[in-house]
Amino acid sequence: MDMVQLNNGVQMPQLGFGVFQMTDLAECEQAVVDAIASGYRLIDTAAAYHNEAAVGRAIKRSGVAREELFITSKLWVSDASYERAKKGIDQSLQNLGVDYLDLYLLHQPFGDVIGAWRALEEAYKAGKIRAIGVSNFYADQLKNLILSTDVKPVINQIEVNPWYQEHSEVAFAQAEEIQVEAWAPFAEGKHNIFTDDRIAAIGSRYGKSNGQVILRWLLQRGIVVIPKSVHQNRMAENINVFDFELTTAEMATMNDLDKGESQFFDHRDPAAIEQIFGTSLAALKENK
Ligand code: NAP
């Protein structure tokens, strides 16, 4: 497994396992046990996925030492204030049944982001979290956070996949020494990504699937990837991407696939913000 070094010196696997939308908790627990058995060491969950406890049970069942694993969780918008974040961090630790988290992210750039970040900084300095970062931040929001606080985020976890490539956001983060981590690396299968002919033509040269070519393209861009699957054969397929390399021409072919828009929703669209985060922001206002 290739590793990346974060800007605070912590080492992180470049490929991990995501558990979004694993709402069947028995299935989630078994999937994480299977993923760890398949060689995954980085597990990406979030308070908002409501499966931290299942991930925690899987970690215990896996038989792999805690220090060999890299566990990420995220603080949801309804806890995005200084006081609420302190509780949210402790809640994630308790749900997961661990003494420390390897990485904890502000899940969204909404709510009292600076206040919440101060709570993450305190937990980081207290040794509860080895590295702190953000998710779904754009360059201006990252810059604001960096200039307003003491500890620089180590990571920005954003949507990056062949249909939404985010070259300028990736370049900005990389210039700031903030590691980019791609969520939905497969765009959750949209637009027939697993059978697309252009990707398949590249894969056929190496005996690799579309999924493997996509992950390889992201890895070669210096990005951390966290594909999700509940199927053991796909887990094995998705981690088997360290024995081939795309050429410069193949990287360019992949770059040409960009549709230039999110495959899910625009985090900058006021209507989407209200629809998706409005209830959480109202709860935050009430509980502050
Ligand atoms: P994804 O990894 O792009 O796609 C997952 C889908 O692809 C599932 O339907 C899975 O099906 C299928 N799949 C996986 N490997 C496959 C393969 N080799 N061949 C064919 N199909 C395959 O989507 P995602 O889960 O949304 O994103 C990955 C992780 O990113 C999440 O789990 C989560 O940890 C993180 N994430 C973060 C945010 C954020 O806001 N920070 C947002 C979304 C996601 P099966 O499971 O049935 O195999």
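Before reading further, recall that the structure is shown in the block above.
Reading the values: rules and limits
Residues numbered from 1 in each chain as written. Predicted model: local features only at pLDDT ≥ 70, side-chain atom pairs only at ≥ 80, totals over all residues. Heavy atoms only, no water. Phe/Tyr/Trp six-rings, centres within 6.5 Å; stacked < 30°, edge-to-face > 60°. Helix = DSSP H or I, 4+ residues; strand = E, 2+ residues; numbered from the N terminus. Buried < 20%, exposed > 50% of the residue type's maximum accessible area, 1.4 Å probe, protein only. Lys NZ or Arg CZ within 6 Å of the ring centre and 35° of its normal. Near = heavy atom within 4 Å. Polar contact = N/O pair within 3.5 Å; in protein donor to acceptor, adjacent residues only side chain to side chain. Areas by Shrake-Rupley, 256 points an atom, 1.4 Å probe, with all protein chains shown as cover. Pairing = 2+ DSSP bridges. Salt bridge = Lys/Arg side-chain N within 4 Å of Asp/Glu carboxyl O. Right-handed = clockwise from strand over helix to strand, strands pointing away.

Moving on to the packing of aromatic side chains. Aromatic ring pairs are described here by two measures, namely the spacing of the ring centres and the angle between the planes. Applying the stated criterion across every chain yields a total of 8 aromatic pairs. A ring pair is formed by Phe17 and Tyr40, whose centres lie 5.4 Å apart and whose planes are at 65°; its orientation type is edge-to-face. Of the two residues, Phe17 sits in strand S3 (residues 17-18) while Tyr40 sits in the loop between helix H1 (25-37) and strand S4 (42-44), which places them 23 residues apart along the sequence. For Phe17, a relative accessible area of 1% puts it in the buried group. Measuring from ring centre to ring centre gives 5.3 Å for Tyr206 and Phe244, while their planes differ by 50°; the resulting arrangement is tilted. Separated by 38 residues along the polypeptide, Tyr206 in helix H7 (residues 197-206) and Phe244 in the loop between helix H9 (232-239) and helix H10 (248-255) bring together distant segments of the chain. Tyr206 gets classed as partly exposed once you look at its relative accessible area, which sits at 29%. For Phe244, a relative accessible area of 8% puts it in the buried group. The aromatic ring of Trp163 is capped on one face by Lys259, whose charged end is 4.9 Å from the ring centroid.

Below, the discussion takes up the site of the ligand. As a matter of local geometry, the ligand sits amid 27 residues, with Asp44, Glu188, Lys228, Ser229 and Arg234 nearest to it. Between the ligand and Ser135, the relevant distance is 2.8 Å, taken from a nitrogen atom to a side-chain nitrogen or oxygen of the residue. Contacts to the ligand include Glu188, whose side-chain N or O atom sits 2.5 Å from an oxygen atom. Calculation on the ligand without its partners gives an accessible area of 900 Å², and the protein chains cover 89% of this total. By residue number, the principal contributor to the shell around the ligand is H9, which donates 3 residues.

On to the sheet that holds strand S6 (residues 103-106), then. A sheet is described by the order of its strands in space; here 8 strands give the open sequence S3-S4-S5-S6-S7-S8-S9-S10, paired in parallel fashion. The open sheet has two edge strands with one neighbour each: S3 and strand S10 (224-225). Bridging between S6 and strand S7 (residues 132-135) involves 3 bridges; their strand directions are parallel. Bridging across to S7, Leu106 finds its partner in Val134.

Further remarks concern the pattern of salt bridges. The final tally for this structure, using the stated rule, is 14 salt bridges. The partner of Asp90 in a salt bridge is Lys128, with the nearest N and O atoms 2.9 Å apart. Within this pair, whereas Asp90 is found in helix H3 (residues 82-96), its partner Lys128 is found in the loop between helix H4 (113-125) and S7, the two being separated by 38 residues in sequence. Exposure remark for Asp90: the relative accessible area of 35% places this residue in the partly exposed category. Here Glu176 ties to Lys152 by a salt bridge, and the two come within 3.2 Å at their closest N and O atoms. Residue Glu176 is found in the loop between helix H6 (167-175) and strand S9 (179-183), and its partner Lys152 is found in the loop between helix H5 (139-148) and strand S8 (155-159); the two are separated by 24 residues along the sequence. For Glu176, a relative accessible area of 14% puts it in the buried group. Through salt bridges that share partners, Glu29, Arg57 and Arg61 make up one connected network.

Counting buried residues in S8 gives 5 out of 5 residues, a clear majority hidden from the surface. As defined by bridge partners, S8 adjoins S9 across 5 bridges and the pair is classed as parallel. Within the sheet, the bridge partner assigned to Ile155 lies in S9 and is Gln179. Handedness of the β-α-β unit built from S8, H6 and S9 comes out right-handed.

Another point: unusual backbone geometry. Its identity is not glycine, yet Gln21 carries a phi of approximately 65°, on the positive side. Tracing the sequence through the fold places Gln21 in the loop between S3 and H1. A residue is classified by how much of its surface remains accessible, and Gln21, at 47% relative accessible area, is partly exposed. Phi angles above zero are rare outside glycine, and His50 is one such case at about 55°. Note on placement: His50 falls in the loop between S4 and helix H2 (52-62).

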